[in-house]
Amino acid sequence: MSPPDSGTPDLVVVGSGFFGLTIAERCASELGLKVLVLERRHHLGGNAYSEFDEETGIEVHVYGTHLFHTSNKRVWDYVTRFTAFTNYQHRVFAKYQGQVYSFPMNLGLINQFFGKSHTPDEARALIAEQASEIATEDASNLEEKAISLIGRPLYEAFVKGYTAKQWQTDPTELSADIITRLPVRYTFDNRYFNDTYEGLPVDGYTAWLTRMADHPNIEVRLDTDFFDEANGTRAEFTGKVPIVYTGPVDEYFANSEGRLSWRTIDLERETLDVDDYQGTGVVNANDEDLPYTRTLEFKHLHPERTHLPGKTVVVHEFSRFAEEGDEPYYPINTAEDREKLLRYRELAKREPMVLFGGRLGTYKYLDMHMAIGSALSMFDNKLRPHFSEGAALQSGGVDA
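All values derive from a computational prediction rather than experimental measurement. (Residues numbered from 1 in each chain as written. Predicted model: local features only at pLDDT ≥ 70, side-chain atom pairs only at ≥ 80, totals over all residues. Heavy atoms only, no water.)

A word on the overall build of the chain. Scanning the chain from N- to C-terminus turns up 12 helices and 17 strands. Projected onto its principal axes, the C-alpha coordinates of the chain cover approximately 70 × 55 × 35 Å. By residue count, 55% of the 400 residues in the chain fall in the buried class. Taking the contacts inside the chain whose residues are at least 6 apart along the sequence as the reference set, 73% of them involve residues at least 24 apart. Accessible surface for the chain amounts to roughly 17900 Å². Of this, 47% is attributable to carbon and sulfur atoms. Computing the positive centroid from 40 side-chain charges and the negative centroid from 62, the chain places the two 4 Å apart. (Helix = DSSP H or I, 4+ residues; strand = E, 2+ residues; numbered from the N terminus. Buried < 20%, exposed > 50% of the residue type's maximum accessible area, 1.4 Å probe, protein only. Contact = heavy atoms within 4.5 Å. Areas by Shrake-Rupley, 256 points an atom, 1.4 Å probe, with all protein chains shown as cover. Lys, Arg positive; Asp, Glu negative; His and termini not counted. Charge placed at Lys NZ, Arg CZ, Asp CG, Glu CD.)

Set out below in structure tokens:
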């Protein structure tokens, strides 16, 4: 991350998550541009940032477990320029009433939950019979929609409590549109993702992210808030050089059309004096009386590593509505939010040479591979034509 030559940069990127760093790296490497990356936190990488716990040596995903997976070969070919990946395949388990089940819902879970061995056809017939209680087209809320897809017993065990905690709302008061499908596998396959490529960066996320920014044409300024008038960065660059902004779109416009609503998570971390707390990386907490949604144990993400014996790092994850000052994670995307977003997109189009991207800038939940793919598309379709061919730079978001 050595600073480029002094002088005005060719491009300013606000935010150093995967979207911002992909834009910066492509513009620096492919077009030879001087890129300035502004990051308000003390570290780069956005929510994918990880650090090695000093006491145990365990890599901790500071903002919750991040798991890389994609079926997009272009994205895979791109990310493997900066890191090798392990062969880790993510598997999740769900705890309900003192028992732990394989998850997503599959033949193993069905057999265990109903206390009987079923063939795939028998399991399909069982779930279809239970789901017939409510016709999908008649479902008026999330609870009814879920029951129409998987039946009441599985819904009450594995969806109801978790959903109520995840959204802080009774599922009968949530829109049926929130779920389009609830997958049930009629095999014993318990692999969480079905993508072609999956794994975790061998040296950790921060090493990967640092390599993306390690280019002589890229300068990263940490602890620098784009909106802080004291440092003057917004006034210095807006309208003078192209800006790729990856922060919250409503914050850019001082919430002039109203705040967009988000979910956030709280993470309670502790180091325990045991070799192994739960036997796997993620266990969902489906019981409503448990306040957290899941338990994370990071050492299981890298079984190939050697860790300090007799110690483990465990994190309980809690979900709630984001308030001012919280880190936004998941867009709630109500009808009111969508109306606000359309107004912000109209404002975005009128900004001088500003592109809005990433999860926060587009108000879309993007997995890491989706953010990278979206950034590559912005580079291809907007930035390269502008800098290489002199095409006009149409301001606005990726999807605007």
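Moving on to the confidence of the model for the chain. The predicted model of the chain averages 94 in pLDDT, with 98% of residues at 70 or higher. A low-confidence stretch, residues 1-5 stays under pLDDT 50, and its non-local contacts, those more than four residues away or across chains, total 18 contacts. (pLDDT = per-residue confidence, 0-100.)

Right, let's get into the domain arrangement of the chain. Segmentation of the chain into domains returns domain 1 (11-52 + 62-88 + 198-259 + 329-389) and domain 2 (103-178). Computed over C-alpha atoms only, the centres of domain 1 and domain 2 are separated by 37 Å. (Domains from an automatic or database assignment.)

Turning to the pattern of salt bridges, a few remarks are in order. If you walk through the whole model with that rule in mind, you get 26 salt bridges. The closest approach of N and O atoms between Asp273 and Lys311, which form a salt bridge, is 2.5 Å. Pair noted here: Asp273 is in the loop between β11 (262-272) and β12 (282-285) and Lys311 is in the loop between β13 (294-297) and β14 (312-321), with a separation of 38 residues, a long-range link. One network of salt bridges, with partners in common, ties together Glu25, Arg26, Glu30 and Arg384. (Salt bridge = Lys/Arg side-chain N within 4 Å of Asp/Glu carboxyl O.)

You can see Asn111 is positioned in helix α3 (residues 107-114). The class for Asn111 is buried, based on a relative accessible area of 13%. Of note is the side chain of Asn111, whose polar atom sits 2.9 Å from the backbone nitrogen of His118. Asn111 has contacts with Lys116, Ser117, His118 and Phe188, leaving out every residue within four places of it along the chain. (Polar contact = N/O pair within 3.5 Å; in protein donor to acceptor, adjacent residues only side chain to side chain.)

With that settled, consider the packing of aromatic side chains. Throughout the structure, instances matching the rule amount to 31 aromatic pairs. Centre to centre, the rings of Phe103 and Phe158 are 6.2 Å apart; their planes meet at 35 degrees, and the pair counts as tilted. Taken as a pair, Phe103 in strand β7 (residues 99-103) and Phe158 in helix α6 (residues 152-167) lie far apart in primary sequence, 55 residues in all. The residues Phe103 and Phe158 share a single accessibility class, namely buried. Chaining the aromatic ring pairs together yields one cluster made of Phe18, Phe68, Trp76, Phe85, Tyr197, Tyr205 and Trp208. Sitting over the ring of Tyr63, Arg41 keeps its end group 4.2 Å from the ring centre. Against the face of Phe321 rests Arg263, its NZ or CZ located 4.4 Å from the ring centre. (Phe/Tyr/Trp six-rings, centres within 6.5 Å; stacked < 30°, edge-to-face > 60°. Lys NZ or Arg CZ within 6 Å of the ring centre and 35° of its normal.)

Below, the discussion takes up a negative patch on the surface. On the surface, a cluster of negative charge is contributed by Asp170, Glu173, Glu288 and Asp289. Inspection of the secondary structure puts Asp289 in the loop between β12 and β13. Residue classification places Asp289 among the exposed positions, given a relative accessible area of 68%. (Patch = residues over 30% accessible without salt bridge, like charges linked within 9 Å, V, L, I, M, F, W, Y side chains within 5 Å.)

Time to look at the sheet that holds β14. Taken in spatial order, the seven strands of this open sheet run β7-β6-β12-β13-β14-β11-β15, and their pairing is mixed. Here the strands that pair on one side only, and so sit at the sheet edges, are β7 and β15 (330-331). Alignment of β11 against β14, held across 10 bridges, turns out to be antiparallel. Looking at β14, one finds that Arg263 is bridged to Phe321. Sheet contacts for α3: β6 (92-96) and β7; angle to β7, the most-contacted strand, approximately 155 degrees. (Pairing = 2+ DSSP bridges. Axes fitted to C-alpha atoms, helices over the stretch in contact; angles between N-to-C directions.)

Sheet topology places β11 next to β15; two bridges connect them, and they run antiparallel. Across the sheet, the residue bridging to Trp262 is Pro331, located in β15.

With that out of the way, let us pick up the side chain of His61. Along the chain, His61 falls in strand β4 (residues 59-61). On the basis of relative accessibility, which here comes to 3%, the residue His61 falls in the buried class. Those residues in contact with His61 that lie beyond four places of it in its chain are Tyr49, Ser50, His66, Tyr205, Phe298 and Leu301.

Regular strands show a simple pattern: their side chains alternate between the two faces of the sheet. Neither face of strand β2 (residues 35-38) is exposed, since Val35 and Val37 on one face and Leu36 and Leu38 on the opposite face are all buried. In terms of strand pairing, strand β1 (residues 11-14) meets β2 through four bridges, oriented parallel. Counterpart to Val13 in the pairing with β2 is Val37. A crossover links β1 with its parallel partner β2, the connecting element being helix α1 (residues 18-31), and its sense is right-handed. (Right-handed = clockwise from strand over helix to strand, strands pointing away.)

This part takes up the environment of Val92. Considering the arrangement of structural elements, one finds Val92 in strand β6. According to the relative accessible area criterion, Val92 is buried, its value standing at 3%. The sequence separation of Val92 and Thr163 amounts to 71 residues, and the corresponding C-alpha distance is 16 Å. Ignoring any residue separated from it by four or fewer positions in sequence, one finds Val92 in contact with Tyr101, Ser102, Phe103, Tyr192, Val282 and Asn284.

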